[in-house]
Amino acid sequence: MNRQLKYLFGLFFVLAAIAGIVHLSSKDEGLKTKRVYAFEQKQVESFKINHFTQSYLFKKLDGLWQIKRAENQLTKKITDDKKAKGKVSKKDKPKFEEANSLEVTKALTYLINLEVREPIATATKKENIFEINPYALHVIFYDGEQNELGRLYIGKQGPDLMSSYVSEKSLGAVYLVEENFKLMLLREYEEWIAEQGEKV
């Protein structure tokens, strides 16, 4: 009899645990998602990946993406020091090169079609907890007239490897998304360049 009771109790707890997991899963799936951006990907004619140590500017030319190094907080300080000493030359100005359009388009697709659920935090003062600040990794999108379409800040990694905390400037809230954007965007310059065989 004791064995049967133990078996029944054990079976009950297993079934209860399964029911709880199914309930949480269905509850999570029931949460509505919404797109962060109302504009379409084709409206983006250029965008900038900006970080404290490395920044790149991408622009579309004849349907293909070009890339060049862009000024960031670190390089600005170096340039300002050179200007003060009169040592800035034309050679210091970066030029556009052909980028790996496939990789650029892939990253842009993830960013523009980003969907979020309920915000994790809404108070601006809490953003630093998630490492979202002016020095954080962020992406700025521009249209053909160089008007800013959006500005997405990417904070620290979420609770698992493939998640991130993000905040869109216009929304004023922090969201947890299922994508590791730092892994996707913080690449060396050479990794964005089109290889010889890929150039048209």
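See the structure above.
Everything numeric here is computed off the predicted structure, so don't read it as measured data. (Residues numbered from 1 in each chain as written. Predicted model: local features only at pLDDT ≥ 70, side-chain atom pairs only at ≥ 80, totals over all residues. Heavy atoms only, no water.)

Colleague: Explain the overall build of the chain here, please?
Modeller: Within the chain, the regular secondary structure consists of five helices and ten strands. Going through the 200 residues of the chain one by one, you find that 34% of them count as buried. Taking all contacts inside the chain whose residues are at least 6 apart in sequence as the whole, residues at least 24 apart take part in 58%. Counting every atom, the chain has about 13,300 Å² of accessible surface; 55% of that belongs to carbon and sulfur. (Helix = DSSP H or I, 4+ residues; strand = E, 2+ residues; numbered from the N terminus. Buried < 20%, exposed > 50% of the residue type's maximum accessible area, 1.4 Å probe, protein only. Contact = heavy atoms within 4.5 Å. Areas by Shrake-Rupley, 256 points an atom, 1.4 Å probe, with all protein chains shown as cover.)

Colleague: Would you mind showing me how to read the pattern of salt bridges here?
Modeller: Pairing between side chains of opposite charge can happen when their charged atoms approach one another. On inspection of all chains with the given rule, the structure shows six salt bridges. As a salt-bridge pair, Glu-103 and Arg-187 come within 3.2 Å of each other at their nearest N and O atoms. In this pair, Glu-103 sits in helix H3 (residues 101-112) while Arg-187 sits in the loop between helix H4 (181-185) and helix H5 (189-192), placing the two residues 84 residues apart along the sequence. For Lys-182, the salt bridge goes to Glu-131, with nearest N and O atoms at 4.0 Å. (Salt bridge = Lys/Arg side-chain N within 4 Å of Asp/Glu carboxyl O.)

Colleague: Even after reading the chapter, I still don't get the sheet that holds strand S10 (residues 175-177), so can you show me in this structure?
Modeller: Backbone-to-backbone hydrogen bonds pair the strands of a sheet. The strands run either parallel or antiparallel. Pairing in this open sheet of eight strands is antiparallel, and the strands run S5-S4-S3-S2-S7-S8-S9-S10 from one edge to the other. What marks the edges here is a single partner per strand, and that holds for strand S5 (97-98) and S10. With five bridges connecting them, strand S2 (residues 46-50) and strand S7 (residues 137-142) associate as antiparallel partners. Following the sheet pairing, Asn-50 is matched in S7 by His-138. (Pairing = 2+ DSSP bridges.)

Colleague: Please clarify how unusual backbone geometry should be interpreted in this entry.
Modeller: Leaving glycine out, the prevailing phi sign among residues is negative, and the prevailing peptide bond configuration is trans. Of note, the phi angle at Asp-62 is positive, near 55°, even though the residue is not glycine. Checked against the element boundaries, Asp-62 lands in the loop between strand S3 (56-61) and strand S4 (64-69). In the Ramachandran plot, Gln-146 falls in the positive-phi region, its phi being about 65° despite a non-glycine side chain. When you line up the elements, Gln-146 lands in the loop between S7 and strand S8 (148-157).

Colleague: I'm lost on H3 in this one. Help?
Modeller: Since the α-helix packs 3.6 residues into each turn, any two residues three or four apart lie on the same face. In this model, H3 (twelve residues) spans 16 Å end to end at C-alpha, consistent with the 16 Å of a helix rising 1.5 Å per residue. Of all the positions in H3, only Ser-101, Val-104, Ala-107, Leu-108, Leu-111 and Ile-112 are classed as buried. Looking down the long axis of H3, one finds its buried residues gathered within 135° of arc, a one-sided arrangement. (Expected span 1.5 Å × (residues − 1). Arc of directions from axis to C-beta.)

Colleague: Help me understand the side chain of Gln-66, please; the structure alone is not making it clear to me.
Modeller: For Gln-66, the position within the fold is in strand S4. Not counting the four nearest positions on each side in its chain, Gln-66 is found in contact with Leu-57, Phe-58, Lys-59, Leu-61, Phe-96, Glu-97, Glu-98 and Ala-99.

Colleague: Where do I start with the packing of aromatic side chains in this structure?
Modeller: The description of two aromatic rings rests on the distance between their centres and on the angle between their planes. Tallied over the full model, the rule gives ten aromatic pairs. The interplanar angle of 40° and the centroid separation of 4.9 Å between the aromatic rings of Tyr-37 and Phe-39 together place this pair among those described as tilted. Comparing Tyr-37 with Phe-39, the two get one shared label, buried. Three or more aromatic residues joined by ring pairs form one cluster here, namely Tyr-37, Phe-39, Phe-47, Phe-58, Trp-65, Phe-141 and Trp-192. The cationic tip of Arg-69 hangs over the ring face of Tyr-189; the distance from NZ or CZ to the ring centre is 4.1 Å. Above the plane of the ring of Trp-192 lies Arg-187, whose end atom (NZ or CZ) is 4.3 Å from the centre. (Phe/Tyr/Trp six-rings, centres within 6.5 Å; stacked < 30°, edge-to-face > 60°. Lys NZ or Arg CZ within 6 Å of the ring centre and 35° of its normal.)

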